[in-house]
Amino acid sequence: MAMARTAVVDARSTALSVGLFAGPRAMRRLRQASRSFGPAIGDVLGYLSPGHVYVCGGFEGALALSSVERLDPVSGMWEDSSPEL
């Protein structure tokens, strides 16, 4: 009796490899092309490209602020940004 060989692919490690070498755009395309990679790619995309948090304007007492600050979640640092008009 001949045994059939099957390959088992670890979806998360494959998604991480694609993300590290090809970037988030390639990962999104892989997610569209393969249902089995969808959950793993969602996990890895959050890790590789977490996005930024923006804080726009506000008040300091009675003074209205027009500042824009951005938090880089990877470094944990805030950056001053100019407001886009």
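**Focus on the pattern of salt bridges**
- Enumeration over the complete set of coordinates arrives at 1 salt bridge.
- Ionic pairing is found between R70 and E79, a salt bridge with its closest N-O pair at 2.6 Å.
- On the basis of relative accessible area, R70 is assigned to the partly exposed category, the value being 22%.

**A short note on the sheet that holds strand β3 (residues 77-81)**
- Pairing within the open sheet is antiparallel, and its 3 strands lie in the order β1-β2-β3. Single-partner strands in this sheet number two, and they are β1 (53-60) and β3. When the angles between neighbouring strand axes are averaged without regard to direction, this sheet yields 35°.
- Note that β1 and strand β2 (residues 63-72) share 7 bridges and pair antiparallel. Among the inter-strand pairings, F59 is bridged to a residue of β2, identified as A64.

**A short note on a nonpolar patch on the surface**
- Taken together, the side chains of L16, L20, F21 and Y47 present a nonpolar region at the surface, about 520 Å² in accessible area.
- Of the residues forming the nonpolar patch, the biggest block, 3 residues, is contributed by helix α1 (residues 11-22).
- Its location among the elements puts Y47 in helix α3 (residues 38-48).

**Notes on the confidence of the model for the protein**
- Scored by pLDDT, the protein has a mean of 77; 79% of the residues are at 70 or more.
- The least confident element of the protein, judged by mean pLDDT, is α3 at 77; the most confident is β1 at 86.

What counts and what doesn't
- Residues numbered from 1 in each chain as written.
- Predicted model: local features only at pLDDT ≥ 70, side-chain atom pairs only at ≥ 80, totals over all residues.
- Heavy atoms only, no water.
- Salt bridge = Lys/Arg side-chain N within 4 Å of Asp/Glu carboxyl O.
- Buried < 20%, exposed > 50% of the residue type's maximum accessible area, 1.4 Å probe, protein only.
- Pairing = 2+ DSSP bridges.
- Helix = DSSP H or I, 4+ residues; strand = E, 2+ residues; numbered from the N terminus.
- Axes fitted to C-alpha atoms, helices over the stretch in contact; angles between N-to-C directions.
- Patch = residues over 30% accessible without salt bridge, like charges linked within 9 Å, V, L, I, M, F, W, Y side chains within 5 Å.
- Areas by Shrake-Rupley, 256 points an atom, 1.4 Å probe, with all protein chains shown as cover.
- pLDDT = per-residue confidence, 0-100.

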